[in-house]
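Each chain is listed here by its residues.
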Amino acid sequence: MDQEKKKIIQFKNIVKKFDDQIILKGINLDIYENEFVTLLGPSGCGKTTLLRILGGFLEPDKGEVIFDGKDIAKLPPYKRELNTVFQKYALFPNMNVFDNIAFGLKIKKMSKDVIEQKVMKMLKLIGLEGYENKDVTLMSGGQQQRVAIARALVNEPSVLLLDEPLGALDLKLRKEMQYELKRIQQEVGITFIFVTHDQEEALTMSDKIVVMKEGEIQQVGSPQDIYNEPVNKYVAEFVGESNIIPGRMIQDKLVRFDDHNFECVDVGYKENELVDVIIRPEDIDIVPEGQGKLSGTVESVLFKGVHYEVMVETVPGTHVTVNMHVNRDNANVKEEGDVRISANDFYLDIEDMKNWDESDLIARADAQAWSKETDEYFPIQRVDTDLKDEIGEYEVTFHTVNGLSISRRIWVVDQKVVENKKANEAVSAFNFFKTVDEIKESPALDTELKTWANAQGWKLDDESETVDLSVDYNFDPEHIKEGIYKVTFWTTGREFKIHTTDYVEEGKEVGLTFFPEDIHVMEKMGF
Amino acid sequence: MRKFRQLTIPYLIWALVMLLIPMALILMYSFLEPGNSIVHFRISLDNYFRFFTDKDFLVILWRSLLIALKTTIICLLLGYPIAYFISRCNEKLQGILIMAITVPMWINMLVRTYAWIGILSKGGLASWVLSLFGIKDAELLYTETAVLIGMVYNFLPFMILQINTVLSKMDKSLLEASADLGADKFQTFWRVVFPLSLPGVVSGITLVFLPAVSAFFIPKLLGGGQYFLIGNVIENQFITVGEWNFGSSISMIMAIVMMLLMMLVRKLDKKSGREDM
Amino acid sequence: MQTKEKRIFGKIFMALAIIFFYLPIVFMVVFSFNDSKSLTVFTGFSLRWYETMLKNHSMMESLYVTLIIAVVATVVSTIIGTITAIGMVYSKKWVKRFIQQVNDLPMMNPEIVTAIGLMLLFITFRIERGFTTLLLAHIAFCIPYVMLSVMPKLRSLDPNLADAAMDLGATPWQALTKVIVPQIMPGIVSGALIAFTMSFDDFIISYFTTGQGVKNLSIMVYTMSKRVNPSINAISTLVVVFITIGLLLANIVPIIREKTKKKSQQQDGTFQKRMGKGPKMVIGLLVIVLAISLFSYKKAAEDNKPFVGQTLHVYNWGEYVGENFVSGFEEQTGAKLVMDNFESNEQMYIKVANNESYDILVPSDYMIQRLIQEDLLQPLDKNRIQASLDLLDPNVLDKPFDPGNEYSVPYFWGSVGIVYDKRKVDIEDLEKEGFNIFLDPKYKGDIYLYDSERDSFMMALKALGYSMNTENPEEINDAYNWLLQCVQTMKPEIVTDEIIDNMAQGRKALGLVYSGDATYIMTENENMGYFMPTQGSNLWSDGMVIPKNAQNVDLAYEFINYTCQYEAAYDNSSYVGYTASNMEAQDELAEGEFAGIDSYVPRSGNPKDEVFTYNENTRKTFADLWSRIKVAASNAAD
């Protein structure tokens, strides 16, 4: 074992459950002396739980917490040689700055002189000399933060735990405190274990970052490792900004994505293994059209202060636009006594005409019958139609048990399919009929529009692979009136985010280039 | 919102008539000549003079303060652990326990006090319990002990509720911080929990001490006719003797003594614990 | 981590606390079903106290008054308190501070001070005390509590909320009701609950601000509780039952609603959701109020009786009428009889002198004399009462305090003497020492004095051989010292009507009592005897009088005549034990029910027996000296 790198804490297979929910799924982690370790992850990933187990505020259900060679998992907090800086500082509001910092020392029954000396030293370290008699509740967030740190450090713990201590501060103070914390850690030379969900904070301060997700550790490494060599899409997305593209490993040092092969430096994958490829925005350069490894159109340029954030579309999306006919509310409702029946006109694709049955028609027309009073549904008993396997206009009549019926129209059309060879995809959708209320009351309009228009997208080379669609429309669903509206369904193409200091014009055709070492290949995440 | 300001006008008038003028009247009556008519207006200090020169009245005032103090201390000693226990229960149980303590307060105070007469009288439940411990023929009813029991019984819930409110609202991370800094349960309690609960303790003390000093039906029901507290003296002056001026001056004296005591208590609170509303 | 032991200790402690809180309540409920009057021994199950309670409409009405006052005071104080609190947020600093300071008055002052302030307010401005004043007083002390509970919620509200609402087109009123009030609803609801609890439970303020016989539960209990009266347990049990029902409703209704909501979800769930916790409580309360009002107003006015719809206000001694007296009178006349009780003549006098209006008073001899002197009584129309006077014992008619019975008609009469436990007291001591037995150290701690300045001084003066109507300051001073010595050396208990039950149970050896109470005590406990010292005693009588400000004189005459009849007089006398003034009833009881009980028929023929006469100067002296003696007694007890 290295003299400098002595293990101070070892988590061994820590499991923690709250009400049957597993928060930590067997954590194994070593922490060394004098390290600044950050536990990074979104809220609910278990990072705070792990810290609280270390602090002694929670007991793990399983596993050991080895501290200096001893298992401390069952030791109460006040017997542990660690101290914590709490999320909202937890300063004692009934004590002034001095008494807060001196608390731990007084508990240890140190002499007055020693206490005074140590507290003063701490105040100097945190830069709050002369504040010892201040009321902690009247101090600013940053000052409270410092007092909390001093209160913990004055006990000379071998490890300091910090639970999202900068969360409550504003941006500027936060940056300041990041440096301050790092400085203090280097000055006192002990291990800091820092919990945060802010990746930038983690990258700035840490010697070692532990990325967590849903109770599991994803990656442990230096900030550089984590940033440059994320092990998977999750880590890559969580740490820094990135372009993540699904790809396929052709062979060692050769990866294929977006219908091109690229050289890279990654080895050790199986041939044809599906992988995720990550290219950081700052690793891509914009070059004149035709000169890069990829080419595309500049979609947007945002000035970000130091650099521009440029979005370049290398593969365009696919669009299809259909008409939405909006009818009066009761146009497609009939009622007789207590019974109501409703149905919509609709379009059918000539290709779907080969084998239809009544239930298809009921579904497409959204035909329903119900009791006005009890809201009970009645079955549609009979469907009459003159529908034929030809393009044209037909009539369909739905009957209820009670003899009430409603007639609607069916248009059989040759449906529009928009193919996009460059993007290797196709999109299709139908015109459709709806009432004002159906649109107003729709809980998730985007999804329902897709259903109503029967909108679909797929890969040209493999029709079973679907492509996600987005919806665009220019009406206000809350205040929609009768009429015909255009609805567009579209796929996103491939966009790259690029950070550059050079300005480019929007709409310009450009080339993109990057070096083989800027391509990072990661294993596909299993779900 | 200037317009909303006008909303206070009705109450300003109301408060003037129903809260301020009555106080002014007590003050006025207390300075008038003894006698129960306001025909002859002669301002004098006779009533106050009479109170302060009569040793017996001073003794009663002292006794009232003393028994109120005893009540308050007992309520604090019993109420704090109960409030603390409740605050450490889970939320559901807390709700039930708080309810259990509140419900008796909805049943009339006099009625509940009346029930104690039966329990405390000779041959009643209390003397039976005492006889189990070898104390035979204990006289409980019409003693100071009975008055004390009655007062604690009536006012303890106030103490518990006040302290519990503060304790259950207390930031749990303060306790963790204290443990983290090496304090065990006991030290955490005395250095953090207790000082922080002082505002609750103070309002609990106020809510117990105040009615205990001026109580007059509890001593009358449980203490017997010869057990006089300052409240009984005032009642007696107004209801039986009819010397309103003297009664007013005693009320005034009591109000002032209480005000001074409450200021003192609040000051103590400001010194040790803080946490304004 | 809490150790298990500590938790167990805590649990036991908690359990004891709960027992402590609920013990009296359980006790009350159990003994409300007791067959006998005892509060310590359960002799068997019976519902008789519930019958007594239901018959006693003043008891049921007190419950009704309590609830109506509590509900109205809660509603009004919640509305005013909330509106004022909202206004305060937008007010200038001095207004805020002023209101806060004024609100502190009722909260930081002992309740009795607030009560007295309000009483003085009503009296000074000649507002007759009754239901309205009671309600006003309750509203007054509830508002500060409502504001106290609403203010924190308001303070945590975004100050721009109202502006935002108005910016979006709301009128100030809409901003208030649609935006601000819903936000602070939890505070309003808890404020309303506090107000209700305070009002429902209040005694002290009510006690000083009510009048005209309007009583809430507390006042009723206070005035009735001098003697053991298990129907108080019965009515309390009723309250417990109502509260339990209310609580169940508040907790079960949401569960049921939850279930029905699930069923009706397809139809319309929004209406149900709007019903928050507040309305729930309100509904619970309304149910309770309705239930009680049904209880107390089940009898509609009866037809074709001469005084239907009228009310008679009587101010009488506590426990001075028979069980069927009130209902009998109401039956006969169709009127409603409201009976207020006093403990002493002086207490009665203060109310009457302060213009409280009653139709009938029942003061004692010397007090009748005083009332006549101060011109507070109406002379009686002899034509209307002559027939009744003829029924009465001539011994009580035409007495010096009211020669020719111009103003009063005798009600009860009797003497004052010593009730003693034959097992503990040597009759020779009594015969030898007379009233001086109250200074005999042999009986230290074993005596009762009666809380009446007149009779205490009577005892002292007689013991010293003086006249009880003396005006000689030296004699009075001797008597004062005699009493002082008694309270300082003998540890007496100074009681009023409690003496009756306590002596009946034999709690002490000796007590100064009225003959009527002695009669009751002796019928209850055969070991008790009644002794009239040869030193002389007070021969008293209480009479019915009609004050000048009586509002229903006709009904008052009706009352006098009714009371003088044999049936009513017999009922009263046999139930209470005092000597009936109706000759026939007196004779019958003396030979029948109270045969052998010498206290029932007052002694005659002892020249030292006197009747009190009124003297303004000695009255003041006695009152002042007696209150000093009580204070001294209280201090000697330490």
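As the structure is a computational prediction, the values presented were derived from the model and not from experiment.

**Q** Tell me about the overall build of chain A, and please be specific about residues and values.
**A** Looking only at helices and strands, chain A features 11 helices and 35 strands. Here chain A has a C-alpha radius of gyration of 32 Å; the compact-globule value for 527 residues is 24 Å, and the former is much larger. Projecting the C-alpha coordinates of chain A onto the three principal axes gives extents of approximately 100 × 65 × 40 Å. Counting every position in chain A, which comprises 527 residues, the buried fraction comes to 36%. A separation threshold of at least 6 residues defines the contact pool for chain A, and within that pool the share at least 24 residues apart is 67%.

**Q** Give a description of unusual backbone geometry that names residues and reports values.
**A** All names here are of chain A. For Asp 19, which is not glycine, the phi torsion reads 45 degrees and is therefore positive. Position of Asp 19 relative to the elements: it lies in the loop between strand 1 (7-18) and strand 2 (21-32). Positive phi values are uncommon outside glycine, yet Asp 68 reaches one of about 55 degrees. With respect to the helices and strands, Asp 68 occurs in the loop between strand 4 (62-67) and strand 5 (70-71).

**Q** Can you tell me about the nonpolar core, naming the residues and giving the values?
**A** Judged by nonpolar contacts, the single largest core of 374 residues is most densely connected at Ile 193 of chain A together with Ile 116 and Ile 360 of chain C. Here the element with the most residues in this core is helix 8 (residues 144-169) of chain B; it accounts for 15 residues. Not counting residues up to four positions away in its chain, the partners in contact with Ile 193 of chain A are Ile 31, Val 37, Leu 39, Leu 51, Leu 54, Val 159, Leu 161 and Leu 162 of chain A. Counting 32 residues, the second largest nonpolar core, distinct from the first, contains Val 322, Phe 433, Trp 452 and Ala 455 of chain A.

**Q** Could you give an account of the sheet that holds strand 8 (residues 191-196) of chain A, naming the residues involved and the relevant values?
**A** Residue and element names in this part refer to chain A. Pairing is mixed across the open sheet formed by six strands, whose spatial order is 6-7-8-3-9-10. Each end of this open sheet is capped by a strand with a single partner; those strands are strand 6 (82-85) and strand 10 (216-221). Each strand of the sheet is rotated relative to its neighbour by a mean of 20 degrees, with strand direction disregarded. Here strand 3 (residues 36-40) runs beside strand 9 (residues 208-213); their pairing, made up of four bridges, is parallel. By the bridge assignment for strand 9, Thr 38 is matched with Ile 209.

**Q** Please give an account of helix 6 (residues 109-120) of chain B that cites residues and values.
**A** Between its terminal C-alpha atoms helix 6 of chain B stretches 17 Å, which fits the 16 Å expected from 12 residues at 1.5 Å a residue. Among all positions in helix 6 of chain B, only Met 109, Leu 110, Val 111, Arg 112, Thr 113, Tyr 114, Ala 115, Trp 116, Ile 117, Gly 118, Ile 119 and Leu 120 of chain B are buried.

**Q** Any details on the interface of chain C and chain B? Residues and values, ideally.
**A** Across the boundary between the two partners, chain C contributes 81 residues, which contact 79 residues of chain B. In terms of residue count, helix 1 (residues 4-31) of chain C provides more of the side of chain C that touches chain B than any other element does, 13 residues in total. Of the residues belonging to the side of chain C that touches chain B, the class tally is 54 nonpolar, 18 polar and nine charged.

**Q** How would you explain the domain arrangement of chain C if you had to name every residue and give the values?
**A** All names here are of chain C. As far as domains go, chain C holds domain 1 (11-46), domain 2 (55-261 + 273-294), domain 3 (311-412 + 542-590) and domain 4 (415-540 + 599-636). Centre-to-centre, using C-alpha coordinates, domain 2 lies 40 Å away from domain 3. With 10 residues of domain 2 at the interface, the matching set in domain 3 holds 10 residues. Residue classes in the side of domain 2 that touches domain 3 are distributed as one nonpolar, five polar and four charged.

**Q** Please provide a residue-by-residue account of the confidence of the model for chain A, values included.
**A** Within chain A, residue pLDDT values average 85, and 98% of them lie at 70 or more. Within chain A, no element has a lower average pLDDT than strand 19 (residues 333-336) of chain A, which sits at 76, and none a higher one than strand 3 of chain A, at 94.

**Q** How would you explain the sheet that holds strand 22 (residues 368-371) of chain A if you had to name every residue and give the values?
**A** Residue and element names in this part refer to chain A. Ordered by their spatial adjacency, four strands build an open sheet running 19-20-22-23, and the pairing between neighbours is antiparallel. Looking along the sheet, the strands with just one partner apiece sit at the ends: strand 19 and strand 23 (377-378). Here strand 19 runs beside strand 20 (residues 339-342); their pairing, made up of four bridges, is antiparallel. When the sheet's bridge partners are listed, Val 333 is paired in strand 20 with Ser 342.

**Q** Talk me through the domain arrangement of chain A; I want residue IDs and the actual numbers.
**A** Often, the extent of an interface is quoted as the loss of accessible area on bringing the components together. Here chain A is described as being made up of domain 1 (7-234), domain 2 (241-316 + 512-523) and domain 3 (319-490). Put simply, the middle of domain 1 of chain A and the middle of domain 3 of chain A, counted by C-alpha atoms, are 58 Å apart.

**Q** Let's hear about helix 20 (residues 453-463) of chain C: which residues, and what values?
**A** All names here are of chain C. Burial analysis of helix 20 places 11 of its 11 residues in the buried class, the great majority of the element. Glu 453, Arg 454, Asp 455, Ser 456, Phe 457, Met 458, Met 459, Ala 460, Leu 461, Lys 462 and Ala 463 are the residues of helix 20 that are buried. Tucked inside the fold, the buried residues of helix 20 contact strand 4 (408-421), strand 5 (447-450), helix 21 (473-489), strand 7 (510-514) and helix 27 (616-636).

**Q** Go over the packing of helix 4 (residues 55-87) of chain B against helix 10 (residues 185-214) of chain B, please, and point to the residues and values.
**A** Residues and elements named next belong to chain B. Put simply, helix 4 and helix 10 touch, their axes get as near as 9 Å, and they point 140 degrees apart. Considering how the two elements wind past one another, helix 4 and helix 10 form a crossing that is right-handed. Here Ser 64, Leu 65, Ile 67, Ala 68, Thr 71, Thr 72, Cys 75, Leu 76 and Gly 79 of helix 4 lie close against helix 10, whose contacting residues are Val 201, Gly 204, Ile 205, Val 208, Phe 209, Ala 212 and Val 213.

**Q** Mind laying out the environment of Met 122 of chain A, listing which residues take part and the relevant values?
**A** Residue and element names in this part refer to chain A. Secondary-structure assignment places Met 122 in helix 3 (residues 112-125). For the pair Met 122 and Arg 146, spaced 24 residues apart in sequence, the C-alpha separation works out to 9.7 Å. With sequence-adjacent residues up to four places away left out, Met 122 is seen in contact with Ile 101, Ala 150, Leu 153 and Val 154.

Definitions and limits used
- Residues numbered from 1 in each chain as written.
- Chains lettered and ligands numbered in written order.
- Predicted model: local features only at pLDDT ≥ 70, side-chain atom pairs only at ≥ 80, totals over all residues.
- Helix = DSSP H or I, 4+ residues; strand = E, 2+ residues; numbered from the N terminus.
- Rg over C-alpha atoms; globule rule 2.2 N^0.38 Å.
- Buried ≥ 20, exposed ≤ 12 C-beta atoms within 10 Å, placed from the backbone.
- Contact = placed C-beta atoms within 7 Å.
- Core = buried A, V, L, I, M, F, W, Y, C linked by C-beta atoms within 7 Å.
- Pairing = 2+ DSSP bridges.
- Axes fitted to C-alpha atoms, helices over the stretch in contact; angles between N-to-C directions.
- Expected span 1.5 Å × (residues − 1).
- Nonpolar A, V, L, I, M, F, W, Y, C, P; charged D, E, K, R; others polar.
- Domains from an automatic or database assignment.
- pLDDT = per-residue confidence, 0-100.
- Left-handed = near helix turned anticlockwise from the far one by under 90°.

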